Amino acid sequence: MLFVSRGCRALTGFEPRDFVELRSVSYAGLIHPEDRRQVQDTLRRALTRGEKYELAYRIRDAGGGERWVWERGTVVPSAEASGEAVVEGFVMDASERTELEQQLSTQASRFRALVEQSLVGVYLIQGSGFAYVNPRMAEIFGYSVPELLAVKSLFMLVHPEDRKKVEESIELRRSGIVESLRYEFRILRRDGEERDVQAHGRRIEIGGEVGIMGAALDVTDRRRAQRRYHEGQKMEALGRLATGVAHDMNNVLAVIRTTAELLMLERAGDTGLVSNLRDIVATVNRGTEMGRQLIEFGRPRSTVAERIRLGHLMEELSPTLERMVGKEITLEVVAEPDAPHVELRPAQAQELVVNLALNAKDAMPDGGALTVRVHGRPVAAREPPSEVVEQVVLEVTDTGVGIPAEHRARIFEPYFTTKGARGTGLGLANVWRIAKDAGGTVEVDSEVGRGSCFRVLFPAVGERERPPVRGG
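Quick caveat: nothing in here was measured; it's all calculated off a predicted structure.

Undergrad: Sorry, what's going on with a nonpolar patch on the surface here?
TA: A contiguous nonpolar surface patch, about 230 Å² in accessible area, is contributed by Val252, Ile256 and Ile280. Along the chain, the position of isoleucine 256 falls in helix α9 (residues 220–266). Its relative accessible area of 37% is what places isoleucine 256 among the partly exposed residues.

Here is the structure:
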């Protein structure tokens, strides 16, 4: 070494003269054994190419302590006659900087692990597509991470009716009008399933490019539960209203019937008048029966239910249902033999399936196929402690005309019917009431021209029956 500054003592614990004059210490000997090869190779390349270099490595000072240093040097021609190249530069203590970098690297690794394993979808939008998604985000959309990143436009994943909303919300943040925004929209998964997603994102700049970074939650189950709850509230209110209207209507009909019967006695000799009065009485009686059904719909059930095997009951009803739907419709009854019990009166179960079968028959005026299926299925309990419970599912599927979207939200309302004078509008209303009184609910899948599936869900009672074990 030709020259060493006085800073050498603070860095290494040795005096400059130990390296230059006395040559009692070799700087190369202070370099950590594991880092010497790296330093030698770097210097060799710099000397060969005559270029600048910089690198970080560890040294051991006079007290045996270890520290990181950062060196920057330049190769310059020597002024001596030999023409040998020399290196000049500086070495500085980088221990604190290296420790900070290691801490940042550790924190970055932890943060990445947190994001990658998060139960919430995390995303970064740049341009028209995703620049980053974590595994949960890809799972929400039904893709793998590489597949989702390869989608050219994220709007292809959004339900057509919600694309304008998503475009406007993204533009509001990109333009800087708002910094962050939370909203909900529907997506179409890779398998075509429609799901509800809640997204919360904010404007961010990375490398001079504006993007949106945020999180997404799949709120489909929550929204469906809320819709079922609000539907139940609406039906309760309609039931109370229907009961009151039916009582008042029956009072009016009673007066009309009494008056008509008195006139029939007084004018018994007037054949034409008596015939008309009989028609009035018959019409009043039909109205009274409808009022009775309406009162029954709105009245809370107090009868104690029985534990029944829904599948067994459907098999017993199969001949009756077959005669009822007629020869033009093919009936199939499929019952899972070990499905759990449900708490329901047999008469209620019979009324429920008959109403659904008649509704299916009306939807297939030219014939078709009707399938009644009973099976059990596991579901996650909504109340803590969180566990898996079982439901008993009664599915009635037809190949009929289907239900238009504008009618689907009203089909369980009393007196709502699309059958004109042929329908009372109480069949499906009573299906809903029977299911609710049994602690269950009703789901409907329908598409115009492709049929309908009414799915009645009952809470299971008791466990499945296990087949006996044979042998010793």
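On we go.
Undergrad: What's the story with the sheet that holds strand β7 (residues 194–206) in this structure? I'm lost.
TA: Note: strands within a sheet are paired through backbone hydrogen bonds, in either parallel or antiparallel orientation. A sheet is described by the order of its strands in space; here five strands give the open sequence β5-β4-β8-β7-β6, paired in antiparallel fashion. Two strands close off the open sheet at either side, each with one partner strand: β5 (129–133) and β6 (180–188). Looking at each pair of strands side by side, their axes are set apart by 35 degrees on average, direction ignored. The sheet contact formed by β6 and β7 spans nine bridges and is antiparallel. Among the inter-strand pairings, arginine 182 is bridged to a residue of β7, identified as histidine 200. On the sheet, helix α8 (residues 163–174) packs against β4 (121–126), β6, β7 and β8 (209–218) and is oriented at approximately 150 degrees with respect to β6.

Undergrad: Which parts of the structure should I look at to understand the packing of helix α11 (residues 310–325) against helix α12 (residues 346–362)?
TA: Two quantities define a packed helix pair, namely the angle between the axes and the distance from one axis to the other. Axis separation between α11 and α12 bottoms out at 10 Å; the angle between their running directions is 40 degrees. With respect to α12, the element α11 is oriented oblique. Like other packed secondary-structure pairs, α11 and α12 cross with a definite hand, here right-handed. For the pair formed by α11 and α12, the contact residues are Leu310, Leu313, Met314, Leu317, Leu321, Met324 and Val325 on the first element and Pro346, Ala349, Gln350, Val353, Val354, Ala357, Leu358 and Lys361 on the second. A per-class count over the contact of α11 with α12 returns 13 nonpolar, one polar and one charged.

Undergrad: So what exactly am I meant to see when it comes to helix α14 (residues 427–437) here?
TA: One turn of an α-helix holds 3.6 residues; hence residues three or four places apart share an orientation. Within α14, eight of the eleven residues are buried, leaving the element largely enclosed by the surrounding structure. Once α14 ends, the next one or two residues include glycine 439, with phi positive near 85 degrees.

Criteria and cut-off values
Residues numbered from 1 in each chain as written. Predicted model: local features only at pLDDT ≥ 70, side-chain atom pairs only at ≥ 80, totals over all residues. Heavy atoms only, no water. Patch = residues over 30% accessible without salt bridge, like charges linked within 9 Å, V, L, I, M, F, W, Y side chains within 5 Å. Areas by Shrake-Rupley, 256 points an atom, 1.4 Å probe, with all protein chains shown as cover. Salt bridge = Lys/Arg side-chain N within 4 Å of Asp/Glu carboxyl O. Helix = DSSP H or I, 4+ residues; strand = E, 2+ residues; numbered from the N terminus. Buried < 20%, exposed > 50% of the residue type's maximum accessible area, 1.4 Å probe, protein only. Pairing = 2+ DSSP bridges. Axes fitted to C-alpha atoms, helices over the stretch in contact; angles between N-to-C directions. Contact = heavy atoms within 4.5 Å. Parallel < 35°, antiparallel > 145°, perpendicular 65-115°, else oblique. Left-handed = near helix turned anticlockwise from the far one by under 90°. Nonpolar A, V, L, I, M, F, W, Y, C, P; charged D, E, K, R; others polar.

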